[in-house]
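Inside the fold
So the chains spell out like this:
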Amino acid sequence: MAVSEVADGWRGRPLAAGGATGLDGAPESMPRAALTADARATGARSAMAAEAATIADGGGAVLSAVDFHLWYPGLHALRGITLDLPPSRITAIIGPSGCGKSTFLRSLNRMNDRIPGIVTQGRILFRGTDIFAPQVDPVALRRRIGMVFQRPVVFPMSIFDNVAYAPRIHRLERTSAGMWVRVERCLRDAGLWDEVKDRLRRPASALSGGQQQRLAIARALAVDPEVILLDEPTSAVDPVATGRIEDTLLRLAGRFSIVIVTHNLGQAARISQHTVFFLGGEVVEAGATEEVFSQPRDTRTEQYLTGRFG
Amino acid sequence: MRTPPARRVRNALAVTLAWVAVCAALFPLLDMAVLVARHALPALRFKVLTTVTSGIAGGLANAIAGSALLVVFAAVIAIPVGVLGGTFVAEQRSGAFVRTVRMAADVLAGLPSIAVGYFGYIALVQALGWGFSALAGALALALLMLPYVVRTTDYAVAAVSDDLRDASLALGVDPTTTVRRIVLRAALPGIVTGVMLGVGVAVGETAPLLYTASWSSFMPTGRLTHSPVGYLTYVVWTYINQPFAAAHALAYAAAFLLMVAVLMLNVAARWALGQRS
């Protein structure tokens with residue numbers, strides 16, 4: 001797979017397909033150069049992207065799984081996932097129910113640690129470090145890899161306190177003025193500010209489902225994560241709210257590496273630059289979204305995309 | 001579409017039965033409240049609240065102060081232990097130790113309070129040599145409150161959705177802080193209910209105090225040991241048996257004050273919860 005083969009259809013600028021190489025056992029070292037080239041192209045656009053370029057130079061994928069297996073008691077849920085997730089991009093993980101995509105997502109920030117009886121094998125590298133290495137603290141890891149869940153969850157406190165909750169615990173701001181700036185920035189980034197700026201002290205539970213989900217995104221942004229994982233974030237909200245959340249994610253792409261699990265193929269096509277297709281606990285296909293959707297290389301991908309199963 | 005007649009009859013029957021059950025539950029409560037109030041109100045003078053008991057008459061100042069002292073003291077012991085224990089059990093979720101603690105709490109809740117009193121007498125009053133005292137009485141009361149606090153906290157914490165825990169952990173917040181800042185906050189209404197139940201039980205107990213706090217017609221001295229303490233339930237229990245109208249009046253007054261205290265605690269707790277949200 002050559003770099004030139006892959007174009008980022010969504011924005012019409014080159015997308016390194018490198019991240020997709022986990023596929024078919026291709027060596028993970030291959031995409032590095034590709035990603036670097038891509039990062040340079042992007043780097044011209046903004047300082048933020050330039051930073052991404054440095055990161056890309058330093059290691060390519062932000063997260064990589066290397067022959068990663070996961071067993072629930074009596075179920076081999078992930079069967080040798082090898083996959084690179086590119087930085088500063090939206091990667092969509094698609095696949096039928098029960099294919100392991102949410103399990104994989106929850107492995108990336110070790111949220112699965114909480115489920116008793118889970119066994120894993122293989123490695124997941126975050127910026128080159130195995131997240132399962134004994135010296136890695138999952139609590140610290142989760143601060144750098146944030147997560148938004150399927151069902152909107154708000155803490156039983158005000159809108160403001162929902163966003164300020166984690167920054168307070170992590171002591172990210174020394175002054176209350178600083179905290180206000182941070183909360184406003186995160187709510188703006190999540191596209192919620194205009195709707196809530198007059199009622200920041202009201203209970204967050206009074207917000208609608210779609211607003212609660214954007215509040216959850218704002219809350220995740222508030223600890224300055226590098227990666228944001230989203231597990232079917234729009235499956236419990238209406239189409240208008242879904243549109244707002246998608247707009248939010250598009251605005252955030254480039255500044256954060258975003259991985260979204262979705263059942264909504266249209267959503268994957270609309271917002272992601274990179275698509276991974278899971279089936280039966282394995283990665284069937286991964287690549288530029290444009291490619292995966294228009295010219296899937298595997299017949300199973302094609303069958304899934306055309307609605308013949310799943 | 002009309003509702004079939006048979007279903008309407010059954011519905012009416014069920015609603016009627018529900019109302020009968022509600023009345024059957026409420027009637028004894030109201031009857032008792034009215035009875036106590038009718039006997040107590042004529043006897044309740046301001047002097048009753050400010051003077052100590054003497055013989056079969058006098059006031060209740062010593063008993064009010066003693067009851068407050070014992071209950072506050074017991075609560076200070078039982079609430080932290082009970083809330084922490086209940087939270088621990090709920091967060092651990094399973095295992096032999098958790099099952100043992102839950103069973104122990106249930107057994108303790110079913111223990112006759114006189115047994116707790118006697119245990120307090122043997123262990124605290126005699127073996128530890130504290131004598132009849134506020135400390136022994138408060139510990140006996142705390143032991144009775146504990147299972148209510150543990151079990152309701154356990155239920156309330158276990159009922160908090162894992163979504164909330166996950167959402168906090170996903171922000172890189174450690175599990176302990178997550179429990180303290182999110183789980184306990186979400187479980188607070190349930191915990192407060194348990195604490196109120198426990199305090200209510202403690203306020204109304206007589207048996208465990210007879211052997212531990214004994215009785216005193218003087219104001220509490222402030223000494224924790226070797227100094228018996230008076231309390232309201234003792235007045236109810238003893239003075240109602242005396243063949244004197246003045247003693248009866250005092251007993252009803254004490255019972256009335258106990259009822260009002262429990263009611264006020266509940267109202268205050270609900271008000272405080274309402275203020276929060």
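Okay, so let's go over this structure. (Residues numbered from 1 in each chain as written. Chains lettered and ligands numbered in written order. Predicted model: local features only at pLDDT ≥ 70, side-chain atom pairs only at ≥ 80, totals over all residues. Heavy atoms only, no water.)

1. Looking at the overall build of chain B
- Helix and strand content of chain B: eleven helices and two strands.
- Overall, chain B shows an N-to-C arrangement of helices and strands of α-α-β-β-α-α-α-α-α-α-α-α-α.
- Dimensions of chain B, computed from C-alpha atoms along their principal axes, come out at roughly 65 × 60 × 35 Å.
- Within chain B, the fraction of its 277 residues that count as buried is 41%.
- Pairs at least 24 residues apart make up 75% of the contacts formed inside chain B by residues separated by at least 6 positions.
- Surface exposure of chain B reaches about 14500 Å², of which carbon and sulfur atoms provide 72%.
- When the 18 basic and 9 acidic side-chain charges of chain B are each reduced to a single mean position, those positions are 12 Å apart. (Helix = DSSP H or I, 4+ residues; strand = E, 2+ residues; numbered from the N terminus. Buried < 20%, exposed > 50% of the residue type's maximum accessible area, 1.4 Å probe, protein only. Contact = heavy atoms within 4.5 Å. Areas by Shrake-Rupley, 256 points an atom, 1.4 Å probe, with all protein chains shown as cover. Lys, Arg positive; Asp, Glu negative; His and termini not counted. Charge placed at Lys NZ, Arg CZ, Asp CG, Glu CD.)

2. What about the overall build of chain A?
- Helix and strand counts for chain A come out as twelve helices and twelve strands.
- Among the 310 residues that make up chain A, the fraction classed as buried is 56%.
- The contacts in chain A between residues at least 6 apart in sequence include a share of 67% that link residues at least 24 apart.
- Summed over all atoms, the accessible surface of chain A reaches about 12600 Å², with 50% contributed by carbon and sulfur.

3. Digging into unusual backbone geometry
Residue and element names in this part refer to chain A.
- For Arg127, which is not a glycine, the phi torsion comes out positive at approximately 50°.
- Structurally, the position occupied by Arg127 is in the loop between strand 6 (119-126) and strand 7 (129-130).
- Note on Arg127: relative accessible area 30%, which makes it partly exposed.
- With a phi close to 45°, Glu232 is a non-glycine residue in the positive phi region.
- For Glu232, the position within the fold is in the loop between strand 9 (227-231) and helix 9 (239-252).

4. Observations regarding a nonpolar patch on the surface
- Judged by side-chain polarity, Val15, Trp19, Val22, Leu26, Leu29, Leu30 and Met32 of chain B come together as a nonpolar surface patch covering roughly 690 Å² of accessible area.
- For Leu30 of chain B, the position within the fold is in helix 1 (residues 5-43). (Patch = residues over 30% accessible without salt bridge, like charges linked within 9 Å, V, L, I, M, F, W, Y side chains within 5 Å. Salt bridge = Lys/Arg side-chain N within 4 Å of Asp/Glu carboxyl O.)

5. A word on the pairing of strand 4 (residues 75-85) of chain A
Residues and elements named next belong to chain A.
- Two strands pair when backbone bridges link them, and strand 3 (residues 63-72) and strand 4 are joined in this way by eight bridges, in the antiparallel orientation. Across the sheet, residue Tyr72 finds its bridge partner in strand 4, namely Leu75.
- Remark: two residues form the turn of the hairpin made by strand 3 and strand 4, two consecutive strands paired antiparallel; Gly74 in that turn has positive phi of roughly 80°. (Pairing = 2+ DSSP bridges.)

6. Quick word on the sheet that holds strand 5 (residues 90-94) of chain A
All names here are of chain A.
- Taking strand neighbours across the sheet as the criterion, the six strands line up as 8-9-10-5-11-12 in an open arrangement whose pairing is mixed. Since the sheet does not close on itself, it has two edges, and those belong to strand 8 (145-148) and strand 12 (282-288), each with one partner. Pairwise comparison of adjacent strand axes, ignoring direction, gives a mean angle of 15° for this sheet.
- Sheet analysis places strand 8 next to strand 9, joined by four bridges and oriented parallel. Looking across to strand 9, one finds that Ile145 is bridged to Val227. (Axes fitted to C-alpha atoms, helices over the stretch in contact; angles between N-to-C directions.)

7. Quick word on the pairing of strand 12 of chain A
All names here are of chain A.
- The buried fraction of strand 12 amounts to six of the seven residues, a majority that puts the element mostly inside the structure.
- Pairing analysis gives six bridges linking strand 11 (residues 274-279) to strand 12, with the strands arranged antiparallel. If you follow His274 over to strand 12, its bridge partner there is Ala288.
- Connecting the antiparallel pair strand 11 and strand 12 is a turn made up of two residues, with Gly280 showing a positive phi of about 55°.

8. A look at the interface of chain B and chain A
- Between chain B and chain A, the contact holds 20 residues from the first and 24 residues from the second.
- Linking chain B with chain A are four salt bridges, by the criterion used here.
- Between Arg151 of chain A and Asp163 of chain B there is a salt bridge, with its nearest N and O atoms 3.5 Å apart.
- If you look at where chain B meets chain A, you find five residue pairs in polar contact (both at pLDDT 80 or more).
- Elements with a minimum of two residues in the side of chain B that touches chain A: helix 7 (162-169) and helix 8 (175-204) of chain B.
- Counting residues per element, the side of chain B that touches chain A draws most heavily on helix 7 of chain B, which supplies eight residues.
- For the side of chain B that touches chain A, the residue count by class is nine nonpolar, four polar and seven charged. (Polar contact = N/O pair within 3.5 Å; in protein donor to acceptor, adjacent residues only side chain to side chain. Nonpolar A, V, L, I, M, F, W, Y, C, P; charged D, E, K, R; others polar.)

9. As for the pattern of salt bridges
- Applying the stated criterion to the full structure yields 25 salt bridges over all chains.
- In this structure, the salt-bridge partner of Glu226 of chain A is Arg127 of chain A, at a minimum N-O distance of 2.6 Å. With Glu226 of chain A in the loop between helix 8 (209-221) and strand 9 and Arg127 of chain A in the loop between strand 6 and strand 7, this pair connects stretches of sequence that are 99 residues apart.
- Beyond isolated ion pairs, a larger network of salt bridges with shared partners links Arg106 and Arg114 of chain A together with Glu91, Arg93, Asp162, Arg165 and Asp166 of chain B.

10. Observations regarding the environment of Glu226 of chain A
All names here are of chain A.
- Classification of Glu226 as partly exposed rests on a relative accessible area of 23%.
- Here Glu226 is in contact with Phe126, Arg127, Arg144, Phe256 and Ser257, once residues within four sequence places are set aside.
- Polar side-chain contacts of Glu226 include one of 2.6 Å to the side chain of Arg127.

11. Points about the sheet that holds strand 4 of chain A
- Ordered by their spatial adjacency, four strands build an open sheet running 4-3-6-7 (chain A), and the pairing between neighbours is antiparallel. At either margin of the open sheet sits one strand with a lone partner, and together these are strand 4 and strand 7 of chain A.

12. A few points about the environment of Ser294 of chain A
All names here are of chain A.
- Checked against the element boundaries, Ser294 lands in helix 11 (residues 289-294).
- In sequence terms Ser294 and Leu305 are eleven residues apart; their C-alpha atoms lie 9.6 Å from each other.
- Only 2.6 Å separates the side chain of Ser294 from the backbone oxygen of Glu290, close enough to count as a polar contact.

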